[in-house]
Every structure is written in C-alpha cells, then in structure tokens.
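Tertiary structure, described
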Amino acid sequence: MSEKKIVVVGSSNTDMVVKSDRLPVPGETILGGAFRMNPGGKGANQAVAVSRLGGLATFISKTGNDLFGKQSIEMFKEENINTDYIFSDPKLPSGVALIMVDSNGENCIVVASGANSSLCKNDIDKARKLIETADILLMQLEIPMDTVEYAAKMAYEKGVKVILNPAPAAFLSNELMKCLHTIVPNNNEAEMLSGIKVTNWESARQAADIISSKGVDNVVITLGSKGAFIKEGNSYHEIPTDKIVAVDTTAAGDTFCGAFCVGISEGLPIIDAVKMANKAAGITVTREGAQSSIPYRNEIKKSSIIK
Ligand code: RIB
C-alpha cells in the first residue's frame with residue numbers, strides 16, 4: 001500500500017444529532033432520544049475516510065474563529081490530515097448540521113453553512129501548488145459552486161483526477177462535468193442530474209447514461225443497501241453490497257467516496273475501488289455518528305481485493 005496525495009476540498013460541520021423512532025412530518029413535534037454532538041461535514045468526513053483508509057489526506061476548508069472550528073482542526077491533526085490549508089473566517093461561525101436519525105438508520109439533515117460558504121477562489125489559489133501536484137482532488141457541494149468549478153479546472157488542467165460527490169444535489173455545468181474523472185451521486189442526486197427516478201439497476205443505468213452524456217466518462221451511482229451502479233466508458237456494472245442492518249447511515253456516502261478515491265489512487269480498477277468503497281460504507285452504517293463511524297484500513301482488509 002503506497003500513500004497517494006489526495007486533496008479534499010469541502011465543508012467542516014459540527015453535527016447536532018437526535019435519534020427518534022421515525023422522522024417528523026412538517027409541522028409535527030415528536031419526542032426523540034439522547035442528543036449527541038459529533039464532528040461532521042461532507043468534506044471533513046471524506047478527508048477522515050481517506051486518511052483512515054490509507055491515503056495521504058490534505059483538507060482544504062474554512063471554519064469560523066470559534067470553539068467548534070478550533071476543535072475540528074485539532075481532530076483533523078489527530079487523524080493525520082494536513083491542515084495547512086484550513087482557513088478561518090473572521091466573521092462567520094463554523095458550519096453546523098442538524099441531523100435526525102430514525103430507527104432504520106435513515107437520516108434527515110439541514111446544514112447552516114457558516115464559514116463553509118466563504119471558502120473562495122482566493123483560498124484555492126493559495127493551495128494551487130498542492131492541488132496541481134495531487135493524485136486526486138475530491139470535492140462535494142457544501143461549499144460555493146464557483147469555488148468547486150475553479151478548483152476542478154485547476155486540477156484537471158494539470159492532469160489530476162477530479163472526483164465529485166454532488167451532494168447536496170445541485171445543477172452542474174457541462175464545463176464542470178468535463179473536468180471530472182468520476183462523478184459519485186446517490187440515487188436522489190442522480191435523479192436531480194438526470195430527471196430519472198432512480199430505484200433499481202435499470203433506472204440507475206438510464207440515469208448514468210444521461211449524466212455521462214454531459215461529458216463525464218465514469219458515473220458511480222450509490223443505491224444505499226442495494227449497492228452501487230457503475231458506468232465506466234461504455235461498460236456497465238452492478239455491484240451489490242452485503243446484507244447489513246443499518247444503525248445510522250450518516251457519512252456512509254462520505255466513507256464510500258473517501259474509500260473509492262483511495263482505491264483509485266492505488267491503481268485499482270473502478271470495479272474494485274467500488275467494491276472496497278461498498279465494504280467501507282457497509283461498516284459505517286453499523287455505527288452511530290459521522291466521523292466516529294468511519295472504519296480504518298485494517299477493518300476492511302479481509303476482502304481479497306484489498307491489500
Ligand atoms: O454526509 C453527512 C454529513 O452531511 C454530516 O456529517 C453533516 O455535517 C452534513 O454535512
């Protein structure tokens with residue numbers, strides 16, 4: 001296993017989590033279980049996944065000049081993540097996410113972006129050398145779209161593989177799509193990008209065809225407990241997951257993306273990188289919380305494709 005440079009650009013949040021039997025409907029108040037405060041944010045979760053699974057992770061992000069921000073940076077250091085490019089916003093608070101998790105492990109999340117919303121092109125410029133010499137640039141959409149587009153172009157022009165997890169779902173320009181090595185939406189995000197309701201392998205295939213027609217060669221659609229669908233160039237693959245009882249699905253997608261990048265950076269074929277990602281995400285859903293649930297490399301080693 002050789003460590004490859006994986007740069008993650010994205011959000012850092014503190015997650016405020018309550019578990020309840022079911023998620024409330026609009027206008028309803030329900031009583032839940034204990035309250036927990038956990039480190040989260042799609043960008044931060046993905047950086048932690050990369051580092052725990054064997055990549056050399058640098059995280060480019062922005063926090064507020066407050067306790068939550070300072071705590072997050074300390075935790076990233078403990079995770080062996082390079083924090084040289086975590087910027088601080090003098091006015092905005094650090095990002096916070098309100099999360100409800102039901103008894104099936106399904107969740108509902110609202111993010112108050114705070115300082116994540118001010119991560120800008122100027123910050124990306126400060127990390128230009130790092131981005132241009134990375135093996136992989138991994139991003140999500142909890143930071144401004146023009147920052148994502150700017151970093152993607154910078155990396156793409158130097159031959160760096162750009163991998164995008166388009167979460168939360170948003171419209172993507174064809175210009176951004178053309179910079180991507182792989183796009184990794186879940187079923188809801190794939191629906192938003194393609195107009196196809198993704199419920200099974202066949203609808204995933206239709207959605208992948210539409211998404212790839214916008215200029216991206218590789219599309220990996222995650223389908224929760226079903227597994228993941230791959231469109232790689234002109235080939236299609238269905239990769240089911242093991243049967244797992246989910247406790248909390250928070251950060252399963254983030255773990256998948258981090259693991260997928262580590263696999264690709266180590267030269268695994270896309271199918272095997274997805275198998276590794278399925279395995280890692282499968283462990284995440286059996287545990288509570290975001291970063292607290294992400295596995296280490298030795299936990300996924302049992303699979304024959306993973307060294
Ligand atoms: O993907 C899970 C993450 O989404 C949570 O940790 C929360 O912070 C939101 O960003």
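Residues numbered from 1 in each chain as written. Predicted model: local features only at pLDDT ≥ 70, side-chain atom pairs only at ≥ 80, totals over all residues. Heavy atoms only, no water.

To continue, consider unusual backbone geometry. Cis geometry is adopted by the peptide bond preceding Pro168, which originates at Ala167 and carries an omega value of -5 degrees. With respect to the secondary-structure elements, Pro168 resides in the loop between strand 9 (161–164) and helix 6 (174–178). Unlike most non-glycine residues, Asn80 shows phi in positive territory, near 60 degrees. Positionally, Asn80 belongs in the loop between helix 2 (67–78) and strand 5 (86–89). Exposure remark for Asn80: the relative accessible area of 65% places this residue in the exposed category. A positive phi angle, close to 75 degrees, is found at Ala251, a residue other than glycine. Looking at the secondary structure, you find Ala251 in the loop between strand 13 (235–240) and helix 9 (252–265). Assessed through its relative accessible area of 8%, Ala251 is described here as buried. (Helix = DSSP H or I, 4+ residues; strand = E, 2+ residues; numbered from the N terminus. Buried < 20%, exposed > 50% of the residue type's maximum accessible area, 1.4 Å probe, protein only.)

Right, let's talk about the pattern of salt bridges for a bit. Across all of its chains, the model carries 14 salt bridges by this definition. Among the salt bridges present, the one from Lys19 reaches Glu288, with a minimum N-O distance of 3.5 Å. Remark: Glu288 occurs in the loop between helix 10 (270–284) and helix 11 (297–300) and Lys19 occurs in strand 2 (residues 13–19); sequence separation between them is 269 residues. (Salt bridge = Lys/Arg side-chain N within 4 Å of Asp/Glu carboxyl O.)

Taken together, Asn13, Asp15, Gly40, Gly41, Lys42, Asn45, Ala97, Ile109, Glu142, Ala251, Asp254 and Ala290 make up the full set of residues adjacent to the ligand. At 3.1 Å, a side-chain N or O of Asn45 approaches an oxygen atom of the ligand. Bound to the protein, the ligand loses 97% of the 280 Å² it would expose on its own. Spatially, the ligand is embedded in the largest pocket. Contributing elements (two or more residues each) for the shell around the ligand: strand 2 and helix 1 (42–52). (Near = heavy atom within 4 Å. Polar contact = N/O pair within 3.5 Å; in protein donor to acceptor, adjacent residues only side chain to side chain. Areas by Shrake-Rupley, 256 points an atom, 1.4 Å probe, with all protein chains shown as cover. 1 Å grid on protein atoms, 1.4 Å probe; cavity = no way out; pocket = protein on both sides within 12 Å on 5 of 7 lines; lining within 4 Å. Sits in = over half its atoms within 2 Å of the grid points.)

What follows is about the nonpolar core. Grouped together as the largest cluster of nonpolar side chains are 41 residues, with contacts concentrated most on Ile60, Leu137 and Ile183. In terms of residue count, helix 5 (residues 145–156) provides more of this core than any other element does, five residues in total. Excluding its chain neighbours within four sequence positions, the residues that come into contact with Ile60 are Val7, Val8, Val9, Gly10, Tyr85, Phe87, Leu119, Ile124, Ala127, Leu130 and Ile131. Counting 40 residues, the second largest nonpolar core, distinct from the first, contains Ile73, Val184, Phe260 and Ile264. (Core = buried A, V, L, I, M, F, W, Y, C linked by side-chain atoms within 4.5 Å. Contact = heavy atoms within 4.5 Å.)

One way to put it is that helix 9 packs onto helix 10 with a least axis distance of 8 Å and a crossing angle of 145 degrees. Like other packed secondary-structure pairs, helix 9 and helix 10 cross with a definite hand, here right-handed. Contact with helix 9, carried on its side by Ala252, Thr255, Phe256, Ala259, Phe260, Val262, Gly263 and Ile264, involves Ile270, Ala273, Val274, Met276, Ala277, Asn278, Ala280, Ala281 and Thr284 of helix 10 and no other residues of that element. Residue composition of the contact of helix 9 with helix 10, grouped by class: 13 nonpolar, four polar and no charged. (Axes fitted to C-alpha atoms, helices over the stretch in contact; angles between N-to-C directions. Left-handed = near helix turned anticlockwise from the far one by under 90°. Nonpolar A, V, L, I, M, F, W, Y, C, P; charged D, E, K, R; others polar.)

With that settled, the discussion passes to the sheet that holds strand 6 (residues 95–101). Across the sheet, which stays open at both edges, the four strands sit in the order 3-2-6-7 with mixed pairing between neighbours. Every other strand in the sheet has two partners, leaving strand 3 (35–40) and strand 7 (107–112) as the edge strands with one partner each. If you compare each strand with its neighbour and ignore which way they point, the axes differ by 25 degrees on average. Looking at chain direction, strand 6 and strand 7 are connected through six bridges and run antiparallel. Across the sheet, residue Leu98 finds its bridge partner in strand 7, namely Val110. (Pairing = 2+ DSSP bridges.)

Moving on, we come to helix 1. Since there are 3.6 residues in each turn of an α-helix, residues three or four apart along the chain are aligned in direction. Counting buried residues in helix 1 gives eleven out of eleven residues, a clear majority hidden from the surface. Along helix 1, the positions that sit buried rather than exposed are Lys42, Gly43, Ala44, Asn45, Gln46, Ala47, Val48, Ala49, Val50, Ser51 and Arg52. Taken from the residues just after helix 1, Gly54 is the one with a positive phi, measuring 115 degrees.

Turning to the layout of surface pockets, a few remarks are in order. In this model, the largest pocket occupies a volume close to 1,300 Å³. Along its surface, the largest pocket is lined by 47 residues, and Asn186, Gly224, Thr249, Ala252 and Gly253 are the ones closest to its centre. Classifying every residue of the lining of the largest pocket by side-chain character gives 18 nonpolar, 20 polar and nine charged. (Points joined across faces, edges and corners; volume = space filled by probe spheres on them.)

Strand order in the open sheet made by the nine strands is 5-4-1-8-9-10-11-12-13, with mixed pairing throughout. Strands at the two margins of the open sheet, each flanked by one partner only, are strand 5 and strand 13. Two strands pair when backbone bridges link them, and strand 12 (residues 227–232) and strand 13 are joined in this way by six bridges, in the antiparallel orientation. By the bridge assignment, Glu232 is partnered in strand 13 with Ser235. Helix 9 rests against strand 1 (5–9), strand 8 (136–139), strand 9, strand 10 (182–183), strand 11 (218–222) and strand 12 of the sheet, and its axis sits at about 170 degrees to strand 8.

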